[in-house]
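Structural characterization, general
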Amino acid sequence: MEPITLPENFFFGAAMSGPQTEGRWAEGGKLENLWDTWSIENIDDFYNKVGSYVGNDFMTMYEEDLRLLKEELGFTTFRTSIQWSRLLDRDGELNPAGVEWYHRLFAAAGEAGLEIFVNLYHFDMPTYLFRRGGWENREVVDAYENYARKAFAEFGQEVRYWFTFNEPTVEPEQRYQEGVWWPFIKNFNRARTVQYNISIAHAKGVQAFREAKSAGLVRDDARIGLINAFMPPYTKDDPSDADLEAVRMVDGINNRWWLDLVTKGELPADVVETLAERGCVLPVRPGDDAILARGTVDWLGCNYYQPTRVQAPSRDVDDTGCPVFADKYVWPDAVMNESRGWEVYPKGIYDFGMTAARDYPDLEWFVSENGMGIEGEYKNRDASGKVQDDYRIDFVRQHLTWIAKAIEDGANCVGYHYWGAIDNWSWNNAFKNRYGFIEVDLMENYRRVPKLSAAWMRQVATSHIVS
Ligand code: BG6
């Protein structure tokens, strides 16, 4: 294969999140978030009974981790998230120990030569707010706005790249629609209420950022964005009109909803209209249009793991009386990552790039997560103890190759962050599937050990040549 070159100013880095790495879940005044509460209430729901408590022990190991990202992997940037439940107390005021930790982390990133990207929310609602109704309650949207304002004011001189949310599609889907995450609700319409209120929270967060910037609280060169999982939609090769309609709605709810919001400051009218026609009424308040109009961003993060494949639904309404817009379509040629049950389809990132270039030509974006989680990876250690993960090299190579082609064909993609560069805690899958270029050895005090792929990634990140 011919080596592929990515542009000189294309950046490489790592993506991670506070709740999946930090640990010390109950120290320093940290409040419980939904993961902590679920872990306390039913640890059997977590793989090997490993709850949220320790993350990958990042709060102990962060200096070593930053060095590994820079030196072993050749990265120049990395993303993590502030935990709302660590930064603020129950009254919505700053928690001094939380403030001190994030100042220390951001300073350490700078000292390590890494540009930090800070996300404000990664599926980690403080439990006391969830008990007041969570994202179904507009008061929680106001609480988020207060949190965002406090974060911008406190860290605005230290952080250049801010994001309001990671994957705002996921909590509506996992907690409210599919009911696979605590509190296990299965109600499509409630999921849309949550999605709508998160959209309002995002827009209020952007507005808070712009105001903080005008007031000189954040740096002049700071930027704000949103990160979402964009799953390009596909259906059968020879689709019926009903299959195409399923694509329209699934694409509309998961992708266009957020793309329209962050580029035009509005939600896609065709989607909102169809939802209403089918009895799904969004909790719109007077004045919301003006709020959403402020949700346009400076750039966007696209997490890409897998495509969506759908077909016409077999029924119009589900058991709860909610509309059904699509059924899953199993593509016979799909290549699967069996550990995670996710399809591996590298061309999907190219297709996203082409859609973005066509429909949102002014939008600058980067791949904010991409990665491969493998179960039982320790079995692939060689005699020296190094995991031989040539499959991960192949996975990243294929995705970077399609990204390079997308850029060549006009996509405005400016960087790549790998998810889980250092193995971390994956929600209720805990440490089942490992994503890292660096292994975390749970039997040896969270010791970090580079895998085979680490040196390959370093070579690519430092040369920009994908070989
Ligand atoms: C993304 C999330 O959806 O996928 C991460 O932003 C998550 O938080 C990653 O860890 C991989 O998924 P999982 O479920 O295997 O951890």
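Small disclaimer: the values here were computed from a predicted structure and weren't measured. (Residues numbered from 1 in each chain as written. Predicted model: local features only at pLDDT ≥ 70, side-chain atom pairs only at ≥ 80, totals over all residues. Heavy atoms only, no water.)

**Structural notes on the overall build of the chain**
In terms of helices and strands, the chain carries 15 helices and 19 strands. For the chain, the C-alpha radius of gyration of 21 Å lies close to 23 Å, the compact-globule estimate for 467 residues. For the C-alpha atoms alone, the extent of the chain along its principal axes is close to 60 × 55 × 45 Å. Split into buried and exposed, the 467 residues of the chain put 59% on the buried side. Carbon and sulfur atoms make up 48% of the accessible area of the chain, which totals about 18,200 Å². The distance from the centre of the 49 positive side-chain charges to the centre of the 73 negative ones in the chain is 2 Å. (Helix = DSSP H or I, 4+ residues; strand = E, 2+ residues; numbered from the N terminus. Rg over C-alpha atoms; globule rule 2.2 N^0.38 Å. Buried < 20%, exposed > 50% of the residue type's maximum accessible area, 1.4 Å probe, protein only. Areas by Shrake-Rupley, 256 points an atom, 1.4 Å probe, with all protein chains shown as cover. Lys, Arg positive; Asp, Glu negative; His and termini not counted. Charge placed at Lys NZ, Arg CZ, Asp CG, Glu CD.)

**Notes on the sheet that holds strand β2 (residues 11–15)**
Strand order in the closed barrel formed by 8 strands is β2-β3-β4-β5-β6-β8-β13-β15, with parallel pairing between adjacent strands. The average angle at which neighbouring strand axes cross in this sheet is 25°, direction not considered. Bridging between strand β6 (residues 223–229) and strand β8 (residues 299–303) involves 5 bridges; their strand directions are parallel. Across the sheet, residue A229 finds its bridge partner in β8, namely N303. Set on the sheet, helix α13 (residues 347–359) makes contact with β8 and β13 (365–369); between it and β13 the angle comes to about 150°. (Pairing = 2+ DSSP bridges. Axes fitted to C-alpha atoms, helices over the stretch in contact; angles between N-to-C directions. Contact = heavy atoms within 4.5 Å.)

**Focus on the layout of surface pockets**
A volume near 370 Å³ is recorded for the second largest pocket. Looking at the second largest pocket, it is lined by 18 residues, and the ones nearest its centre are N48, Y378, F431, R434 and L442. Among the elements that line the lining of the second largest pocket, the one with the most residues is strand β17 (residues 438–441), at 3 residues. A class-by-class count of the residues in the lining of the second largest pocket yields 8 nonpolar, 2 polar and 8 charged. (1 Å grid on protein atoms, 1.4 Å probe; cavity = no way out; pocket = protein on both sides within 12 Å on 5 of 7 lines; lining within 4 Å. Points joined across faces, edges and corners; volume = space filled by probe spheres on them. Nonpolar A, V, L, I, M, F, W, Y, C, P; charged D, E, K, R; others polar.)

**A closer look at the site of the ligand**
The ligand sits among 13 residues. The nearest are Q20, E167, R340, S426 and Y435. W427 is positioned with one of its side-chain polar atoms (N or O) 3.0 Å from an oxygen atom of the ligand. Here the ligand, which alone exposes 380 Å², has 93% of that area covered by the protein. Considering only residue class, the shell around the ligand consists of 6 nonpolar, 4 polar and 3 charged. (Near = heavy atom within 4 Å. Polar contact = N/O pair within 3.5 Å; in protein donor to acceptor, adjacent residues only side chain to side chain.)

**Considering unusual backbone geometry**
Each neighbour pair has its own omega, and for W182 with P183 the value is 10°, a cis peptide bond. One can find P183 in the loop between α8 (170–177) and α9 (188–214). Despite not being glycine, N48 has its phi angle at roughly 55°, a positive value. Structurally, the position occupied by N48 is in the loop between α2 (34–41) and α3 (58–72). N48 sits in the exposed class, given a relative accessible area of 60%.

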